Amino acid sequence: MDKSQVIKRFLPANTPTPDDQAEAFAASNIALCKYWGKRDRELNLPINPSLSVSLADLGTRTRLTPIEGKKDKIRLNGKVVNGSSSFATKIVEFLDLFRSSKAARLQVDTHNSIPTAAGLASSASGFAALTKAINQLYGFDLDPAIQSAFARMGSGSASRSIFDGFVEWQMGVREDGMDSHAVPFEESWPEFRIGLLTLTEAEKTVGSRSGMQRTLETAHLYQSWPLQACADLEKLKQAIRDRNFEILGQTAEQNALSMHATMIASWPPLLYWQPESVATMQRIWQLRESGVCVYFTMDAGPNIKVLFEAGQQAVIEQTFPQVKVVSPFACQTPVASG
Ligand code: PMV
C-alpha cells in the first residue's frame, strides 16, 4: 500500500489554508527494546514491537512558514541546506504527503539540540517534530496516535518520538499500518538516567534502513529476533511497573547485544562496533562486578548509552568524564529555537 494513499484518507480533500507559522518540538528517544526489521518497507511497518525512553530536552524543534515561490527552503541549525541533498529531499517528500501540489511552499527551520556527533538518530525527533508542525500549520487536529503512525512513515523510530517518557511502539497487524503506532506509558521514573558516550565521530557507513534489510535477508540468526524482542518487551514493561532497575538494565543490554548479534551474523557482516565500543562495554561489566548497578544499550552505531539511576551518577561521571547525562523524567524546558 502506498503511504500517500494511507495518509490522504485522514486529511480533508483540499489542503486547508495554512496558519502564518507553526512550530513544534519532539524529543529524541533511545530504545530499550529495539526495532530491527520491517515487514513493509514502504510504510515502515516493523517485524517486532519496541519500547523506548525519550531524551527530555534533547531533540528537534521545527518551524514551518509558508513562503512565495516554487520551492521549499530548508534550514538546519540556522544554515541553508542544499535542496538536492538527501536531507532536504526526505523533508520535501514528507511534506508532499500532506499537501496538494498547488499548496504554498514552505520554509522549514529545523534545530537539533542533540549533539550531532553523539551518534543519536536525529531522524526520530526530526520526523516527529515535522509531523507535529504539519498538523498545527494546517489545523488538521489529528489524534496523537495518528500523528505517530504518520511520523513512522518518515522514520520508524519517529513514531515513538511523538510522545514523552516510556513509550511502546505497537507493531500492529493491519495492512495499512494504522494500528502500528506508539502508546505512552503513565509510569515515570525520576531517578532514571541515560549517559551518552560519544566514542568516535566517524560517520557510520551503513544506515539503519539498509542495515536492517541486510540482516533480514542474510542472517539465519535473525529468525530468533522477533521472539526475543516480544519476550523482552514484556519483561521491560513489568520492570517499569515494579521500578526494578536490575531487570530493566539486564533486559535492555541483552536486547541490544542480541540485535547486534543478528547484524554480525549478516553477510556481508555488519559490525557497528569500534575498539572503543568494546573497551567501554568491558569497563561497564567491570563496574557491575564491583557492585555498581549500571548497564548499557547501543543502536546502529559505535556509541554507547549508559543506563543507571541517580545514585550511581557520581561514579559514572568519574569513570567516563566525557559522559552527557540525561534525566528523562526531570522537568526540563525544551531549548528555544534560534
Ligand atoms: O527508524 P530508524 O531508521 O531510526 O531505525 C532505528 C533502529 C535502531 O535505532 C537501531 C533501534 C530503535 O528501535 O531505535
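Higher on the page you've got the structure.
Residues numbered from 1 in each chain as written. Predicted model: local features only at pLDDT ≥ 70, side-chain atom pairs only at ≥ 80, totals over all residues. Heavy atoms only, no water.

Engineer: What's the story with the overall build of the chain in this structure? I'm lost.
Structural biologist: Along its length, the chain carries nine helices and 13 strands. The C-alpha atoms of the chain give 20 Å as radius of gyration, which agrees with the globular expectation for 338 residues (20 Å, within 12%). Counting all 338 residues of the chain, 52% fall into the buried class. Of the contacts made within the chain by residues no fewer than 6 positions apart, 75% connect residues no fewer than 24 positions apart. (Helix = DSSP H or I, 4+ residues; strand = E, 2+ residues; numbered from the N terminus. Rg over C-alpha atoms; globule rule 2.2 N^0.38 Å. Buried < 20%, exposed > 50% of the residue type's maximum accessible area, 1.4 Å probe, protein only. Contact = heavy atoms within 4.5 Å.)

Engineer: I tried to follow the site of the ligand on my own but got confused; where do I start?
Structural biologist: Near the ligand there are 14 residues, and of these Tyr35, Gly156, Ser157, Arg160 and Ser208 occur at the shortest range. A distance of 3.2 Å separates an oxygen atom of the ligand from a polar backbone atom of Gly156. The side chain of Ser157 places a nitrogen or oxygen atom 2.8 Å from an oxygen atom of the ligand. Taken by itself the ligand offers 380 Å² of open surface, and the protein chains cover 91% of this. Taken together, the residues of the shell around the ligand sort by class into six nonpolar, five polar and three charged. (Near = heavy atom within 4 Å. Polar contact = N/O pair within 3.5 Å; in protein donor to acceptor, adjacent residues only side chain to side chain. Areas by Shrake-Rupley, 256 points an atom, 1.4 Å probe, with all protein chains shown as cover. Nonpolar A, V, L, I, M, F, W, Y, C, P; charged D, E, K, R; others polar.)

Engineer: Before we go on, may I ask you to explain the packing of aromatic side chains in this structure?
Structural biologist: For any pair of aromatic rings, geometry is given as the distance between the ring centres together with the angle between the planes. One pass over the structure, following the stated rule, counts 15 aromatic pairs. For the ring pair Phe166 and Phe329, a centre distance of 4.9 Å and an interplane angle of 45° mean the geometry is tilted. Of this pair, Phe166 sits in strand β8 (residues 166-169) while Phe329 sits in the segment after β13 (324-326), and the two are 163 residues apart along the sequence. Each ring, one from Trp189 and one from Phe192, has its centre 5.6 Å from the other, and the planes form 70°; the classification is edge-to-face. With relative accessibility at 1%, the residue Trp189 sits in the buried group. Counting every residue linked through ring pairs, the aromatic cluster contains Phe166, Trp189, Phe192, Phe245, Tyr295 and Phe329. (Phe/Tyr/Trp six-rings, centres within 6.5 Å; stacked < 30°, edge-to-face > 60°.)

Engineer: Would you mind going over unusual backbone geometry with me for this structure?
Structural biologist: Both trends apply: most residues other than glycine have a negative phi, and most peptide bonds are in trans. Pro268 follows Trp267 through a cis peptide bond whose omega is -10°. With phi around 50°, Asn77 is a residue other than glycine that occupies positive phi space. Among the secondary structure elements, Asn77 is positioned in the loop between β5 (73-76) and β6 (79-80). Using a relative accessible area of 39% as the deciding quantity, one classes Asn77 as partly exposed.

Engineer: What is the right way to read the sheet that holds strand β12 (residues 304-309) from this model?
Structural biologist: Sheet strands pair via backbone hydrogen bonds, and the direction of the pair is either parallel or antiparallel. Ordered by their spatial adjacency, four strands build an open sheet running β11-β12-β10-β13, and the pairing between neighbours is antiparallel. The sheet is open, and its two borders are formed by β11 (295-297) and β13, each paired with just one other strand. The sheet shows a mean angle of 30° between the axes of neighbouring strands, taken without regard to direction. By the bridge criterion, six bridges tie strand β10 (residues 192-197) to β12 in an arrangement that is antiparallel. Across the sheet, residue Ile194 finds its bridge partner in β12, namely Leu307. (Pairing = 2+ DSSP bridges. Axes fitted to C-alpha atoms, helices over the stretch in contact; angles between N-to-C directions.)

Engineer: How should I be thinking about helix α8 (residues 275-289) in this particular structure?
Structural biologist: For α8, built from 15 residues, the straight-helix expectation of 21 Å at 1.5 Å per residue is met to within 8% by its first-to-last C-alpha distance of 21 Å. Three or more residues of α8 are buried, namely Ser277, Thr280, Met281, Ile284 and Leu287. The buried residues of α8 occupy an angular sector of 120° when projected down its axis, which confines them to one face. Residues Pro275 and Glu289 are exposed on α8 and point more than 90 degrees away from its buried face. (Expected span 1.5 Å × (residues − 1). Arc of directions from axis to C-beta.)

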